[in-house]
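Listed below, chain by chain, are the residues.
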Amino acid sequence: MSEVKFKIKRYNPDKEKKSYFQDFTLSNPVSGETVLSALLRIVEEQDGSLCFRYVCRAGICGSDALFINGKRLLACQTQTKILKQPIVIEPLPGLPVIKDLVMDMDPFFEKYDAIEPYLIEPDDNIGVDEERIQSKKELDKIDLFTTCILCGACYSACPITWTSSEYLGPHAIGKAFRFYEDTRDAGGKRRLKLLDSEDSVFRCHTSFECVEACPKNIPLTEGIQSLKRSIMKYKIKKFLRIERD
Ligand code: SF4
Ligand code: FES
């Protein structure tokens, strides 16, 4: 009879002073069992009080990014058979814990909201019922950035978010790049001005930890660097009076 062993971080801030690891053993893992399926089995068969998030089970909703054997991974996309045992499962480091493996994502989403994560219509297009066509080349520039599932892995991995609670974070800046470079977006200068702050792009020290952590392989640092260049170009043009506010 085969077994899979787990060490899962438990914490209930309402009742416990500190977190601890609890051991679980599952027998007869099904072929291709994922960490998420194993967690669901633990809840069904052994401890119904274990808390974690999930929705789609398909790598789309981004709700089950966890720290698994020291790596930020999506539980639904990670098979137990490829992991060294005992499989150690923790919440994403750097995020406050609500209970067990459930993190408080409010600061993460507040920063996401702050960059205006939607297409801004050009004034002359409001009310116009026509498609705005994008070329393949135009789409290619932002395509990978549109695949972000807001899982929080990059935010947890970024060393700047650990030291500065105000830093926007790679997820938000990556999304800002996605809209700034979208040829259908009229945000332009408004987006650059919003990003030209102490707690935004210029805080990034290009450590690439976010890129390493991203399950969608989004080149976040490239996007951040590109926005830095766009902001500098805009400021130089303004200084030379080639560009107005
Ligand atoms: S950029 Fe990647 S790691 Fe960051 S939230 Fe989006 S999908 Fe997750
Ligand atoms: S459950 Fe949705 S990404 Fe894993």
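Here is what the cut-offs are and how they apply
Residues numbered from 1 in each chain as written. Chains lettered and ligands numbered in written order. Predicted model: local features only at pLDDT ≥ 70, side-chain atom pairs only at ≥ 80, totals over all residues. Heavy atoms only, no water. Domains from an automatic or database assignment. Contact = heavy atoms within 4.5 Å. Buried area = accessible area lost by both parts, 1.4 Å probe. Salt bridge = Lys/Arg side-chain N within 4 Å of Asp/Glu carboxyl O. Polar contact = N/O pair within 3.5 Å; in protein donor to acceptor, adjacent residues only side chain to side chain. Nonpolar A, V, L, I, M, F, W, Y, C, P; charged D, E, K, R; others polar. Helix = DSSP H or I, 4+ residues; strand = E, 2+ residues; numbered from the N terminus. Phe/Tyr/Trp six-rings, centres within 6.5 Å; stacked < 30°, edge-to-face > 60°. Buried < 20%, exposed > 50% of the residue type's maximum accessible area, 1.4 Å probe, protein only.

Asker: Hey, could you run me through the domain arrangement of the chain in this one?
Answerer: Accessible area lost when the parts come together is the quantity often used to give the size of an interface. For the chain, the assigned domains are domain 1 (3-103) and domain 2 (106-239). Contact with domain 1, which involves 11 residues of that partner, is made by 12 residues of domain 2. Both faces considered, domain 1 and domain 2 share a buried interface measuring about 870 Å² in area, 65% of it formed by carbon and sulfur atoms. Connecting domain 1 to domain 2 are 0 salt bridges. Counting across the domain 1 and domain 2 interface gives 3 residue pairs in polar contact (both at pLDDT 80 or more). Split into classes, the residues belonging to the side of domain 1 that touches domain 2 amount to 7 nonpolar, 3 polar and 1 charged.

Asker: Explanation requested: unusual backbone geometry in the structure shown.
Answerer: Across residues other than glycine, the phi torsion is negative in most instances, and most of the peptide bonds are trans. Put simply, Gln-85 and Pro-86 share a cis peptide bond, and its omega is -5 degrees. For Pro-86, the position within the fold is in the loop between β4 (71-74) and β5 (87-90). Residues other than glycine seldom take positive phi values, yet Asn-217 does so here, at roughly 55 degrees. Along the polypeptide, Asn-217 turns up in the loop between α8 (209-213) and α9 (220-239).

Asker: Would you mind going over the packing of aromatic side chains with me for this structure?
Answerer: For any two aromatic rings, the description comes down to two numbers: the centre-to-centre distance and the angle of the planes. If you walk through the whole model with that rule in mind, you get 5 aromatic pairs. Between Phe-109 and Tyr-112 the ring centres are 6.4 Å apart and the planes differ by 85 degrees, which places this aromatic pair in the edge-to-face class. A residue pair is termed a helical-turn pair when its members lie 3 or 4 positions apart in one helix, as Phe-109 and Tyr-112 do in helix α2 (residues 106-114) at 3 residues. Exposure remark for Phe-109: the relative accessible area of 34% places this residue in the partly exposed category. Exposure remark for Tyr-112: the relative accessible area of 14% places this residue in the buried category. Measuring from ring centre to ring centre gives 4.6 Å for Phe-145 and Phe-177, while their planes differ by 50 degrees; the resulting arrangement is tilted.

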